[in-house]
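Single-letter residue listing:
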Amino acid sequence: MVSYREIQASNELISDANAPRVAVFVGGTSGIGQLTVKALVNTGVSIRIYLVGRKSSEERIQTLIDELQAINPQAEVIWTEGEISLLSETKRICEVIKAKESRVDLLFLTAGYIPFGERKETTEGLETVQSLEYYSRMLFTTLLFPLLGLSENPRVVSVLSGGLERVTSINLDDLDLKKPGNFGGVAAQGQYGTMNSIYLDKLATNHTDITFIHSWPGAVNTGSVRRGFGPNSIMVWVIRLLLEPLLALVSYSDNESAQRHLFQSTSAAFGGRGIPWKGKPGVNSREQETTGLFLVNHKCDCTPNTRVIPVLREKAQTKVWDHTQEVLRPYL
Ligand SMILES: NC(=O)c1ccc[n+]([C@@H]2O[C@H](COP(=O)([O-])OP(=O)(O)OC[C@H]3O[C@@H](n4cnc5c(N)ncnc54)[C@H](OP(=O)(O)O)[C@@H]3O)[C@@H](O)[C@H]2O)c1
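The chain appears in an unreviewed UniProt entry as Ketoreductase (KR) domain-containing protein from Exophiala bonariae.

Here it is in structure tokens:
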């Protein structure tokens, strides 16, 4: 087990010599993504961060960017506006970044929420949260491969539910949960999380130079639980008044969550490259200590889920891969 003290000690070693120089945060406008951006900037390193998010958050984010630049003038935080639930916009944003950068060291993906409430589709016909938590994340990863490939220590971190896969948590007959009765908050989170792991596992076999992490953050009181309900829904108040005070008792503090995700973004514990790690090396989804896909839980332990992943690899991977390729093809 990795202790929090070890995590803090590792993060204290982050310097210009080993930190990511160019990072892309998709979902860094709130929650775990924003906490991690702040922690990274607070290390004082020279870094360029593309903070990608939707128009409605732009004004609020400008204040944050001003604060971050004041804390660390060596950090350049570039607001990159785009409607990230749309794959056409994902492609456009990647083109903007590709036109400016010759490499990307860290891609950090956190957009999404639990889709309690009604099923809502984007104008591209995808369920909004499936697009945010799965399709758009896989498209960002794929389109930025050419820049990640030019980094010395490229890393992709997708924050959702790594290690929580179950053979029964994926509906292979209805991958987009479109059929009546198949969609719901819990079913959707299981489906999108499992699809993340299966697809990233395959990408990792094709891109052995990259460290992939699918992280399960545990409980962090970011307000994510209530996002699925409309702003005027009574459920928002029920969650605020009843559930969130309870969640706060079992949640990681903002700072600890930030430090844990900073560790996952920089430590050599995952694949051997990054901030030197003297503890037990993490094992990937193929139970190896080399690069690959690391399923990392809220304690920052690798949980390769050895009873489930091989079964999913055999029974589900081809179907998920082919279906995802079909959805992403127009944007590749
Ligand atoms: N927090 C937890 O306890 C927890 C536990 C397990 C898994 N997770 C998962 O981990 C991921 C990160 O969680 P979090 O707590 O950091 O989430 P969060 O605070 O709710 O923030 C997620 C990000 O998603 C963006 N987003 C939400 N809806 C959007 C939409 N319709 N269009 C575009 N962007 C949208 C937000 O943008 P704006 O800032 O513009 O709103 C924000 O940048 C999520 O997928 C969540 O489901 C969280």
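And the narrative resumes.
Membership of the largest hydrophobic core comes to 56 residues, with the highest contact counts inside it found for Val24, Phe140, Leu144 and Phe212. In contact with valine 24, not counting residues within four places along its chain, are Tyr50, Val52, Ile97, Val104, Leu106, Leu107, Phe108 and Leu144. Counting residues in hydrophobic clusters, the runner-up holds 41 residues, among them Phe25, Val37, Ile47 and Ala258.

The sheet built from 7 strands is open, its strands ordered 3-2-1-4-5-6-7 with parallel pairing. Every interior strand has two partners, whereas the edge strands, strand 3 (75-81) and strand 7 (293-296), have only one. Each strand of the sheet is rotated relative to its neighbour by a mean of 15°, with strand direction disregarded. For strand 5 (residues 155-159) and strand 6 (residues 211-215), the ladder comprises 5 bridges, and the chain directions are parallel. Considered in strand 6, the bridge of arginine 155 is made with threonine 211. On the sheet, helix 4 (residues 87-100) packs against strand 1 (22-26), strand 2 (47-53) and strand 3 and is oriented at approximately 145° with respect to strand 3.

Okay, the packing of aromatic side chains next. Any two aromatic rings considered together are summarised by their centre-to-centre distance and by the angle between their planes. Under the counting rule described, the total for this entry stands at 9 aromatic pairs. Taking the centre distance of 6.1 Å and the plane angle of 20° together, the rings of phenylalanine 116 and phenylalanine 229 count as stacked. With phenylalanine 116 in the loop between strand 4 (106-109) and helix 5 (128-143) and phenylalanine 229 in the loop between strand 6 and helix 8 (234-250), this residue pair connects regions lying 113 residues apart in the sequence. By relative accessible area, which is 27% here, phenylalanine 116 ends up partly exposed. Using a relative accessible area of 16% as the deciding quantity, one classes phenylalanine 229 as buried. Residues phenylalanine 270 and phenylalanine 294 carry aromatic rings whose centres are separated by 5.9 Å and whose planes lie at 75° to one another, so their mutual orientation is edge-to-face. Here phenylalanine 270, found in the loop between helix 9 (254-266) and strand 7, pairs with phenylalanine 294, found in strand 7; they are 24 residues apart in sequence, far enough to count as distant. Of the two residues, phenylalanine 270 and phenylalanine 294, both sit in the buried class. Among the aromatic residues, ring-to-ring pairing joins Tyr134, Tyr135, Tyr199 and Trp321 into one connected group. Here the guanidinium or amino end of arginine 119 rests over the ring plane of phenylalanine 183, the centre of that ring lying 5.6 Å away.

Taken together, 28 residues surround the ligand, and among them Thr29, Ser30, Ser57, Thr222 and Arg227 come closest. Threonine 29 has a polar side-chain atom sitting 2.6 Å from an oxygen atom of the ligand. Within the backbone of glycine 218, an N or O atom sits 3.3 Å from an oxygen atom of the ligand. Its free accessible area being 880 Å², the ligand has 91% of it covered by the protein chains.

Conventions and cut-offs
Residues numbered from 1 in each chain as written. Predicted model: local features only at pLDDT ≥ 70, side-chain atom pairs only at ≥ 80, totals over all residues. Heavy atoms only, no water. Core = buried A, V, L, I, M, F, W, Y, C linked by side-chain atoms within 4.5 Å. Buried < 20%, exposed > 50% of the residue type's maximum accessible area, 1.4 Å probe, protein only. Contact = heavy atoms within 4.5 Å. Pairing = 2+ DSSP bridges. Helix = DSSP H or I, 4+ residues; strand = E, 2+ residues; numbered from the N terminus. Axes fitted to C-alpha atoms, helices over the stretch in contact; angles between N-to-C directions. Phe/Tyr/Trp six-rings, centres within 6.5 Å; stacked < 30°, edge-to-face > 60°. Lys NZ or Arg CZ within 6 Å of the ring centre and 35° of its normal. Near = heavy atom within 4 Å. Polar contact = N/O pair within 3.5 Å; in protein donor to acceptor, adjacent residues only side chain to side chain. Areas by Shrake-Rupley, 256 points an atom, 1.4 Å probe, with all protein chains shown as cover.

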